[in-house]
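As a plain string of letters, each chain reads:
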Amino acid sequence: MAFTCATGKHRRPSRMQRTTARAAGVAALTTTGVMATVASAPAFAAEPTPEQTGLIPVVTAGEAVVEQLDDQVAVQKQAAFEEAARQAAAKKAVEEREARVRAAREAERRRLNTFVMPITGSYVSTGYQASSSLWSSGSHTGIDFHAASGTTVHAVGSGTVVETGWGGAYGNQVVIRMNDGTYTQYGHLSSIEVSVGQQVTPGQRIALSGATGNVTGPHLHFEARTTPEYGSDMDPVAYLRGHGVNV
């Protein structure tokens, strides 16, 4: 018995057929499924809000940091300014204090180098080297300043007391070695208010005038000497004027 086989029966589809079918299936899927999905979806997705993205919180935080930094910079600048002002004020105070100290020292130096009258507001009643039998040498070895008994006697300048007490014809006396190396003597005193070795300054009260020793009345005998001893006298008026005293 002969069998006749139909051409192509149970034959595996060719490659071209498979490709065509797959393409048709994809097209159908696209048409019915994907396109339907696209058709059912919104035309555009909604844009996320700034809150959802975190943009506003980040910007706000950034601005807060900047403001904080600005505040810190301002505080630091103010602190630096105040510190500079404080240092400037402290420096100025130190400079002013040093200037006052220098001025005070200079004023004291001038004062200590200043000479004054031994009797304030007095005048010379008997001049230097005046002749008289009242003096053993025959002439006056100093000058006399008019002064009632008990008048304040001043040291004419800075120096050290080297002698006090009774001086014979000079009565009660004080002898001072001046800082310039010369000596001054104050005689006929009613009382003495300094002691040997004591430092004295210009205008300091050292005694009271009187009429002790060889005198005819109260006054102050004043001498300028090159040594503390009698006989080394020099012109007292020229001496005082040479130190700026108006005699």
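In this text, all values refer to a predicted model and were calculated from it rather than measured experimentally. (Residues numbered from 1 in each chain as written. Predicted model: local features only at pLDDT ≥ 70, side-chain atom pairs only at ≥ 80, totals over all residues. Heavy atoms only, no water.)

Things to note about unusual backbone geometry
Inclusion rule: Helix and strand labels come from DSSP, where a helix needs a run of H or I of at least four residues and a strand needs a run of E of at least two; each type is numbered from the N terminus. Each residue is assigned to one of three classes by its accessible area relative to the maximum for its type, calculated with a 1.4 Å probe on protein chains only: buried under 20%, partly exposed between the two thresholds, exposed over 50%.
The backbone phi angle of Gln129 is positive, close to 65°, even though this residue is not glycine. Mapped onto the fold, Gln129 is located in the loop between β1 (124–126) and β2 (143–146). Of note in this structure, His188 is not a glycine but carries a positive phi near 65°. Among the structural elements, His188 can be located in strand β6 (residues 183–192). On the basis of relative accessibility, which here comes to 4%, the residue His188 falls in the buried class.

Observations concerning the packing of aromatic side chains
Rules: Side-chain rings of Phe, Tyr and Trp (the six-membered ring for Trp) are treated as a pair once their centres are within 6.5 Å; stacked means planes under 30 degrees apart, edge-to-face means over 60, and tilted covers the remaining angles.
In total, this model carries four aromatic pairs according to the counting rule given. Aromatic side chains Phe145 and Phe222 sit 6.3 Å apart centroid to centroid with 65° between the ring planes, which places their arrangement in the edge-to-face category. Of this pair, Phe145 sits in strand β2 while Phe222 sits in strand β9 (residues 219–225), placing them 77 residues apart in sequence. Residue classification places Phe145 among the buried residues on the basis of a relative accessible area of 0%. Chaining the aromatic ring pairs together yields one cluster made of Phe145, Tyr186 and Phe222.

With respect to the pattern of salt bridges
Just so we agree on the cut-off: Each reported salt bridge corresponds to a side-chain nitrogen of Lys or Arg within 4 Å of a carboxyl oxygen of Asp or Glu.
Here the structure, examined in full by the defined rule, presents six salt bridges. Ionic pairing is found between Arg86 and Glu83, a salt bridge with its closest N-O pair at 2.7 Å. Placement of both Arg86 and Glu83 in helix α3 (residues 55–112) is noted, with a separation of three residues, approximately one turn of the helix. Note on Glu83: relative accessible area 31%, which makes it partly exposed. Shared partners join several salt bridges into a network, and the residues in it are Glu106, Arg109 and Arg110.

What to know about a negative patch on the surface
Quick reminder of the rule: A patch is a set of surface residues, each over 30% in relative accessible area and not in a salt bridge, joined within 9 Å for like charges and within 5 Å for the nonpolar side chains Val, Leu, Ile, Met, Phe, Trp and Tyr. The Shrake-Rupley method, run with a 1.4 Å probe sphere, supplies the accessible areas, and residue values consider only the shown protein chains as cover. Charged residues are defined here as Lys and Arg on the positive side and Asp and Glu on the negative side; His and the ends of the chain fall outside this count. To locate a charge, the coordinates of NZ of Lys, CZ of Arg, CG of Asp or CD of Glu are taken.
A cluster of acidic side chains, namely Glu63, Glu67, Asp70 and Asp71, defines a negative patch on the protein surface. Structurally, Asp70 can be placed in helix α3.

So, the confidence of the model for the protein chain
So the rule is basically this: Each residue gets a pLDDT score, which is the predictor's confidence in that residue and runs from 0 to 100. We call two residues in contact whenever any of their non-hydrogen atoms come within 4.5 Å of each other.
When pLDDT is averaged across the protein chain, the result is 83; 74% of the residues are at 70 or more. Contacts from residues 1–10, a stretch scored under 50 in pLDDT, to residues over four places away or in other chains number zero contacts.

So, the nonpolar core
Basically, it comes down to this: Residues grouped as a nonpolar core are buried Ala, Val, Leu, Ile, Met, Phe, Trp, Tyr and Cys residues, joined through side-chain atoms within 4.5 Å.
Ranked by internal contacts, the top residues of the largest apolar core, which has 26 residues, are Phe145, Val153, Val174, Ile176, Tyr186 and Ile206. Ignoring anything within four residues of it in the chain, the contact list for Ile176 reads Ala155, Gly159, Thr160, Val161, Val162, Thr182, Tyr183, Thr184, Tyr186, Val200 and Ile206.

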